[in-house]
Every structure is written in structure tokens, then in C-alpha cells.
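Remarks on the overall topology
The chain contents come next:
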Amino acid sequence: MSLNALNGQHLRIIWPRWEGNPKGLSGALKGGVIIDCLAARFKFSYEMVRVTENRLEPQGKERGLFSYLFDKQSDWIVSGVHSTFQRNEIVDQTTPWDFAKLGLLIPVQDETANINAVVKPFQWPVWIGLIISILCVIVVLNLMHRYLEYRSQFETSDHEERLKNGNQTNRENRMVLKSQAGKEYLYVFGNLLSQGGPYSSKRLPFRLVAGVWVLAAFIFVQAYTSLLFTYVVAPVNQPLINSIYDIADSSDINVLVKIAGTPETLFMNNNWTGFYEKIRDRIKSFPQSRCTLVSDCINLVKPGSRNVFIDAEPYQLDAIRENFEKTGKCSLQIARDRYLTLFVVMALQKKSPYTNTINIGLMELLQSGLIDYWDTWFRPMPLQCKGKIQYGYTPPNNNEHPPLSLKNLTGAFIILSVGLSLSLLAFLCEKILFLFKRNCHQLH
């Protein structure tokens, strides 16, 4: 038995991307070159069958591409057919020639001010613990300083002299304590701001507590500054979502699917609960969630929208490239995490004599790497969009680092503005109090 059952045969082929078909039909972009390559390899001729349907299985009175196989009007459908057991019972499926994943096409978000960068290095429990630690250290140092100063003067003063000059000594003690008050605040905050500060006491217990605070402040400052840089240079246009699970956890994101496509079949034609039920509810809640053509869904994914289009990743790569060619910028991107790998096959009539021969040809193309190489021909991605295709919002891998913008440092400038405002307010309050006291003194 000859392995080349196609030798001298004339095939009727359906390729949805053929120029004689209506534009917008979903199909393999590389289908034409695969057909020509196998025709030269196995020496067969062919003709294209014109179709207008954009679904595989027929539904009611509406025909599908499989209807042409059932009616013997076509021998071979060259398209991206998701391999399933149900389809294997009605048509012949070839060996998988592609392993596509379901991608999530999302709009590129506008840049936002990175206000929270100055507080993100620490979680809120850490900030609360730090504030409590500052207050505790200030109180301990202040009380310890007062007690040590009082005990020192009490021990070094003569008892008789204290009895003779009691009132004067008490006044001097109060003056000393009052003059030292406040230095603990400057010391504690000075270490956190890497400014340091003088000890208000040289006694050993005080210096031990102060030394412990110096060590703790050093650890806090180093941990904060090392993480702060990461958040300051982080992208300020975070993606709408990172994975399909983000859709299930959000109530304001709309899901778009193609009618009779793999995602719609996966999420709508079952009664599964949990994650699938949440995605199903998201599809039902949006009136425009189901599109007849892929282009109709892609047109709804616009910058500023909350729409996400789920489909095979090759179709989304085409959308990104076409959008860049029209607008000159990358307005679309693919979310970081894909979902579900699809075994993509082609379809022939059930028990077709050509199935084994076509399988041999497809495996030869896969082993030679031509099918993957043809992607560089038909999908030449712009360099500006390559990062958005592979890792969501990650920029292309090159040696040039983009300079920081004002939005990266918005948080730092807000902190500076608040500090200057508080200092100005304190200055005005001191000025008002000074003028008030002077006027009272002049009146008396």
C-alpha cells in the first residue's frame, strides 16, 4: 500500500483565510503556505471552496464548516480546529500541528501617578509596629532621663545644703529637666532620617536604650531604602489583569468571546461550578460579550475600557500587529498568564483515505521547524510591542533603562509638600504666639 494516497488527486479545500472568502473569518494564517508545501511534497492539485460560515459544527438550520465535509462538498478543512472526542466521532482529525494557548487580550492602561510608592515597602502592620516603637522609645528615654537626672542631683547634693536652699534647688532641677525635654524626640527621629543626634544623657542605662534604638533604626532604614527603589521604578501603567483568575475575582471586568469558539464552548456549554460559574456569569452580564467575528470583539477592547477578549493566542497576536499598523502605537497587550493549552488539528471527512498522508506531511513540517519559522513571516511583531506580547506590561529586554518620570516620584513629592506645609504652619503659629506674647508684655 502506497504511503502517498494524495499522488495525482484533486482536493477541494476549505481555508477560511482564502482571499475569495468574506473578510474576518477565523482560520490559520499559515494555512495557505502549508497547503502549497504539502501539494508540492505529495503531488496533488487542489481548488478552494468558498465559504461564508464562521463556525465549525452546524447548529439547527445554520450550516457550519463541517457541513461541507458531511455533504462531500469538501475534502479537507485547513484551519485551527480544537481537538475533542466529540469531533473525532464525526470527522477525521489530523495530528496536532500547533499547540496554542488561550490568551487574554486587554487594553494597555494609561500611566497613573505612583503615589503609594513611599508606603509600599512595608505592610501596614509593619508601619503600625514602627510607630508604636517610636512612641515607646521616646517615652522610655524621656522618663529614664528625668529619673537619672533627678537621682544624680539628689545623690551629689549635701543634705544640709538641700535643706538650706531647697526652694532654689527645686527651681534649678525643673529648669534642667525642662531644658533637656524634647531632645529625645530629635534623637529618635534623627536616627530614622539618618541624621543622628547628640545623647541627652551620658549615663549607662540611657546609652544602652539609645544604642538598641540605633541598631533597630539602622535595620528599618536599610530595609526601607532597599525596597523603595523597586517600587519607585515600577511601571506606572499596571495591566488590567494578570490572569483569568483576576476576572473571576473582579465584578467590573467584561469578558468577550467569539460565538461557537473554543472559549464560549468551554465556559457556556456546561454546568460546572466554582471558577467556571464566575466566568460564565461575567459573560452573561455583558450584552455585547458574544461576537460573530473576532474583529468585532477586538474593536471593543479599547484603551480605557474594562473589556477582556479570550481566544487563541495567534489571533490576538494578529490583532496587536494590525492595531500597531493602524495607530502607530501598542494599544493592546496580552495578559501575563495564559490559560489552557489547545491541541490544534485539521479536519477531513470521516474515514478519509488522505488522513494518514496528511499526518505524515504535518509531522515532517513540525520536525523541520518550518511551521514555527513561518510565524516570523506572517506575524512580524513590532519591537515596541514584543514585551507586551510576552509578559504583559514588561518592557523589551534591552540595555537602555527608561528615565524616571514625574509619575514615578509623585509619592516623594507629596511627602515633601506635606513636610514643607507643616513647617510653614509651625512657623506661622510660632510667629503668632510671639506677637501675642509681645503685645501682652507691652500692655502690662
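Anything mentioned here points back to the structure above.
For the structure given in this document, a descriptive report is provided here. (Residues numbered from 1 in each chain as written. Predicted model: local features only at pLDDT ≥ 70, side-chain atom pairs only at ≥ 80, totals over all residues. Heavy atoms only, no water.)

1. Here's the deal with the overall build of the protein chain
If you tally the helices and strands in the protein chain, you get 17 helices and 10 strands. Burial analysis of the protein chain (444 residues in total) assigns 41% to the buried set. The long-range fraction of contacts in the protein chain, counting pairs at least 24 apart against all pairs at least 6 apart in sequence, stands at 76%. Accessible area for the protein chain stands at about 26400 Å²; split by element, carbon and sulfur atoms hold 59% of it. (Helix = DSSP H or I, 4+ residues; strand = E, 2+ residues; numbered from the N terminus. Buried < 20%, exposed > 50% of the residue type's maximum accessible area, 1.4 Å probe, protein only. Contact = heavy atoms within 4.5 Å. Areas by Shrake-Rupley, 256 points an atom, 1.4 Å probe, with all protein chains shown as cover.)

2. Overview of the packing of helix α1 (residues 31–42) against helix α14 (residues 355–368)
Between α1 and α14, the least distance of the axes is 11 Å, while the angle of their chain directions is 115°. Put simply, α1 runs roughly perpendicular to α14. In this structure, α1 meets α14 at a crossing whose hand is right-handed. Here α1 contributes Ile34, Cys37, Leu38, Arg41 and Phe42 to the contact with α14, which in turn contributes Thr357, Ile358, Gly361, Leu362, Glu364 and Leu365. For the contact of α1 with α14, the residue count by class is 7 nonpolar, 2 polar and 2 charged. (Axes fitted to C-alpha atoms, helices over the stretch in contact; angles between N-to-C directions. Parallel < 35°, antiparallel > 145°, perpendicular 65-115°, else oblique. Left-handed = near helix turned anticlockwise from the far one by under 90°. Nonpolar A, V, L, I, M, F, W, Y, C, P; charged D, E, K, R; others polar.)

3. Topic: the pattern of salt bridges
Considering all chains together, one arrives at 16 salt bridges under this definition. A salt bridge links aspartate 375 to lysine 30; its shortest N-O distance comes to 3.3 Å. Within this pair, whereas aspartate 375 is found in helix α15 (residues 370–378), its partner lysine 30 is found in the loop between β1 (10–14) and α1, the two being separated by 345 residues in sequence. For aspartate 375, a relative accessible area of 24% gives the class partly exposed. Across the pair arginine 379 and aspartate 375 runs a salt bridge, and its minimum N-O distance is 3.0 Å. (Salt bridge = Lys/Arg side-chain N within 4 Å of Asp/Glu carboxyl O.)

4. A look at the pairing of strand β5 (residues 98–107)
On any regular strand, side chains alternate: one points to one face of the sheet, the next to the other face. A large share of β5 lies buried, amounting to 8 of its 10 residues. Here β5 runs beside strand β10 (residues 339–348); their pairing, made up of 5 bridges, is antiparallel. Bridging across to β10, aspartate 98 finds its partner in valine 344. Across 4 bridges, β5 lies against strand β8 (residues 307–312) in antiparallel orientation. Of the residues in β8, the one forming a bridge with leucine 104 is isoleucine 310. As defined by bridge partners, β5 adjoins strand β9 (residues 332–334) across 3 bridges and the pair is classed as antiparallel. Looking at the pairing, proline 107 lines up with leucine 332 of β9. (Pairing = 2+ DSSP bridges.)

5. Examining the packing of aromatic side chains
Enumeration over the complete set of coordinates arrives at 14 aromatic pairs. Summarising the aromatic geometry, the rings of phenylalanine 99 and phenylalanine 343 are spaced 5.5 Å apart at their centres and angled 80° between planes, so their arrangement reads as edge-to-face. Of this pair, phenylalanine 99 sits in strand β5 while phenylalanine 343 is found in strand β10, placing the two residues 244 residues apart along the sequence. Assessed through its relative accessible area of 45%, phenylalanine 343 is described here as partly exposed. Through a chain of ring-to-ring contacts, the aromatic side chains of Tyr245, Phe267, Trp272, Phe275, Tyr276 and Tyr339 assemble into a single cluster. Over the ring of tyrosine 68 we find arginine 63, and its NZ or CZ is 4.6 Å from the ring centre. (Phe/Tyr/Trp six-rings, centres within 6.5 Å; stacked < 30°, edge-to-face > 60°. Lys NZ or Arg CZ within 6 Å of the ring centre and 35° of its normal.)

6. What about α14?
Between its first and last C-alpha atoms α14 spans 20 Å; for 14 residues at 1.5 Å apiece the expected length is 20 Å, and the two agree. The complete set of buried residues in α14 reads Thr355, Thr357, Ile358, Asn359, Gly361, Leu362 and Leu365. Buried-residue contacts for α14 involve α1, β3 (76–82), β4 (92–93), β10 and α15. Phi for glycine 369, located one or two positions after α14, is positive at around 80°. (Expected span 1.5 Å × (residues − 1).)

7. Concerning unusual backbone geometry
Comment: phi is negative for the bulk of residues other than glycine, and the bulk of peptide bonds are trans. A positive phi angle, near 65°, is found at leucine 340, a position not held by glycine. Considering the arrangement of structural elements, one finds leucine 340 in strand β10. Residue lysine 351 is not a glycine yet carries a positive backbone phi of 60°. Tracing the backbone shows lysine 351 in the loop between β10 and α14. A relative accessible area of 74% means that lysine 351 is categorised as exposed.

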